[in-house]
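Okay, here's what each chain looks like letter by letter:
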Amino acid sequence: MNKPNIPAGHNTVNSFIITKDAPKLIRFLEKVFNAKEDPAAHTLDTDGLLLHSELAIGDSIVMVADTKPGWPFTPSLLRVYVYDVDETLKRAKELGAKIVTEPTDFYGDVFSRFVDPWNNLWWVFKHNPQPGGTADWEGAGEEVAASWEPSKEMKYIHDTLLKAMEHLGK
């Protein structure tokens, strides 16, 4: 794959979360995902709000900033691979997150979702490599492309997403 020049520690796509009380969200991410903030990137605007910060979560960068007065609520939707879904959810819940999709088998992986106290929706995965390096879901799209008849697990995952999206920001 042809990759553009990328600064060290960044990936081709990096998430940006704009939220109220960004410093609290940063502390949440540090505790839930063991995020590490880059102090050199921490920039306050002239109004005292956080203009920019960068946190490393695993091999990825998540940028966080405070929303400005008059800006609309904009939830972030993020996917994170973790070592232990249950432990990640436990830490998130202890810090005020709401679990919206309990850990569920998802094509050989374990998948869950939570909404943090700032109304961002997190997809949390633990990848379980399959023998031979393939994933259980490879080729699955061809089978369901014509008509979607979900399994019990897929229906649960689908329905919890619809419900969570209805309530973000409320």
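Shown above is the structure to which this text applies.
Everything numeric in this text was worked out from a predicted model, so none of it was measured.

Reading the values: rules and limits
Residues numbered from 1 in each chain as written. Predicted model: local features only at pLDDT ≥ 70, side-chain atom pairs only at ≥ 80, totals over all residues. Heavy atoms only, no water. Axes fitted to C-alpha atoms, helices over the stretch in contact; angles between N-to-C directions. Helix = DSSP H or I, 4+ residues; strand = E, 2+ residues; numbered from the N terminus. Parallel < 35°, antiparallel > 145°, perpendicular 65-115°, else oblique. Left-handed = near helix turned anticlockwise from the far one by under 90°. Contact = heavy atoms within 4.5 Å. Nonpolar A, V, L, I, M, F, W, Y, C, P; charged D, E, K, R; others polar. Salt bridge = Lys/Arg side-chain N within 4 Å of Asp/Glu carboxyl O. Buried < 20%, exposed > 50% of the residue type's maximum accessible area, 1.4 Å probe, protein only. Pairing = 2+ DSSP bridges. 1 Å grid on protein atoms, 1.4 Å probe; cavity = no way out; pocket = protein on both sides within 12 Å on 5 of 7 lines; lining within 4 Å. Points joined across faces, edges and corners; volume = space filled by probe spheres on them.

## Things to note about the packing of helix α1 (residues 22-33) against helix α2 (residues 85-94)
To characterise two packed helices, one gives the angle between the axes of the helices and the distance between these axes. At a minimum axis separation of 8 Å, α1 and α2 run at an interaxial angle of 150°. One element, α1, and the other, α2, form an angle in the roughly antiparallel class. The handedness of the crossing between α1 and α2 comes out as right-handed. Facing F28, K31, V32 and F33 of α1, the residues of α2 in contact are T88, R91 and A92. Partitioning the contact of α1 with α2 into residue classes produces four nonpolar, one polar and two charged.

## Thoughts on the pattern of salt bridges
A full pass over the atoms with the stated rule returns five salt bridges. Residue D47 is joined to K68 by a salt bridge in which the shortest nitrogen-to-oxygen separation is 2.7 Å. Of the two residues, D47 sits in the loop between β3 (43-44) and β4 (50-52) while K68 sits in the loop between β6 (60-66) and β7 (77-81), which places them 21 residues apart along the sequence. Among the charged side chains, a network of salt bridges with common partners joins D45, D47 and K68.

## Focus on the pairing of β7
Only one face of β7 is covered, namely the one carrying L78 and V80; the face carrying L77, R79 and Y81 has none of its residues buried. The pairing of β7 with strand β10 (residues 121-126) spans five bridges and is parallel. Bridge pairing in β10 places L77 opposite L121.

## Some words on the pairing of β6
With six of seven residues buried, β6 is to be regarded as a mostly interior element. Sheet topology note: the strand β1 (residues 15-19)/β6 ladder contains five bridges and is parallel. When the sheet's bridge partners are listed, I18 is paired in β6 with A65. With four bridges joining them, strand β5 (residues 54-57) and β6 adopt antiparallel strand pairing. Opposite I57, over in β6, you have S60 as the bridge partner. In textbook terms, the turn of a hairpin is the stretch between consecutive antiparallel strands, and for β5 and β6 this stretch comprises two residues, one of which, G58, has a positive phi near 60°.

## A few points about the layout of surface pockets
Quantified by volume, the largest pocket comes out at close to 680 Å³. Forming the walls of the largest pocket are 24 residues, and the residues nearest its centre are I57, G58, S60, V80 and Y81. Only α1, β6, β7 and α2 provide two or more residues apiece to the lining of the largest pocket. Of all the elements, β7 adds the most residues to the lining of the largest pocket, at four residues. Among the residues making up the lining of the largest pocket, the classes are represented as 12 nonpolar, seven polar and five charged. Considering only enclosed or pocket space, the second largest pocket measures out at about 190 Å³ in volume. Of all elements in the fold, only β8 (98-106) and α4 (152-167) reach the threshold of two or more residues within the lining of the second largest pocket. Looking at the lining of the second largest pocket, its residues break down into five nonpolar, three polar and two charged.

No statement about biological role is implied by the geometric values presented.
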